[in-house]
Amino acid sequence: MPHIDFQSAVLNVLGAMTRSTGSIDQTMLRNLLMLTPAYLIVDNTIRSEGGIERWAAGFNRLVDVLLALHTTEQLETATVNEASKACSECWSVSGSYRELTADAREVVRGIGARLKTILDADGRKYRGECVYAP
């Protein structure tokens, strides 16, 4: 079975979701976010050339969807929590692999900055509910 990179996996799942129901299933979205750290490793070991770019594109696409859900007031706190956990875990994973450190951490920093824009003023809550913070 051929390897499917994170960008392709995200696009396939999101496409299937919207084709079948016309909406975003946030449970599936959270499942994709849970896979983000694993794909960081896989995309950069199985097909290392362009791996970080494909992984980053998939992660950024998920955040695009989160921000769109936030704009329409449909984003669930559980999904924000999972995105925060994904950032934290990817940060840890990237620190464990010397060849990933700089590039992956730059991506995670950018994702974290994008997610912070939707948090409450205290930076620890989303719409009054506590959000995972490492």
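Every chain is numbered independently, its residues counted from 1 as its sequence is written. pLDDT decides what is reported in this predicted model: residues at 70 or higher carry local features, side-chain atom pairs at 80 or more are listed and counted, and totals for whole chains, interfaces and linings draw on all residues regardless. Excluded from the side-chain calculation are hydrogens and water; included are all heavy atoms of the structure.

> Break down the packing of aromatic side chains for me, with residues and values.
Two rings belonging to Phe, Tyr or Trp (six-membered ring only in the last case) form a pair when the distance between their centres is within 6.5 Å. Interplanar angles under 30 degrees mark stacking, angles over 60 mark edge-to-face geometry, and anything in between is tilted. The full count for this structure, using the stated rule, is two aromatic pairs. Measuring from ring centre to ring centre gives 4.9 Å for Phe 6 and Tyr 39, while their planes differ by 35°; the resulting arrangement is tilted. Here the residue Phe 6 occupies a position in helix H1 (residues 6-21), and Tyr 39 occupies one in helix H2 (residues 26-43), the gap between them amounting to 33 residues. Looking at Tyr 39, the relative accessible area reads 18%, which means it is buried. For the ring pair Trp 55 and Phe 59, a centre distance of 5.6 Å and an interplane angle of 55° mean the geometry is tilted. Highlighted residues: Trp 55 and Phe 59, both in helix H3 (residues 51-71), separated by four residues, approximately one helical turn. The residues Trp 55 and Phe 59 share a single accessibility class, namely buried. For the purposes of this entry, the term helix denotes a DSSP run of H or I that reaches at least four residues, the term strand denotes a run of E that reaches at least two, and both are numbered from the N terminus. Buried means the residue's accessible area, taken with a 1.4 Å probe over protein chains only, is under 20% of the maximum for its type, while exposed means over 50%, and partly exposed covers the values in between.

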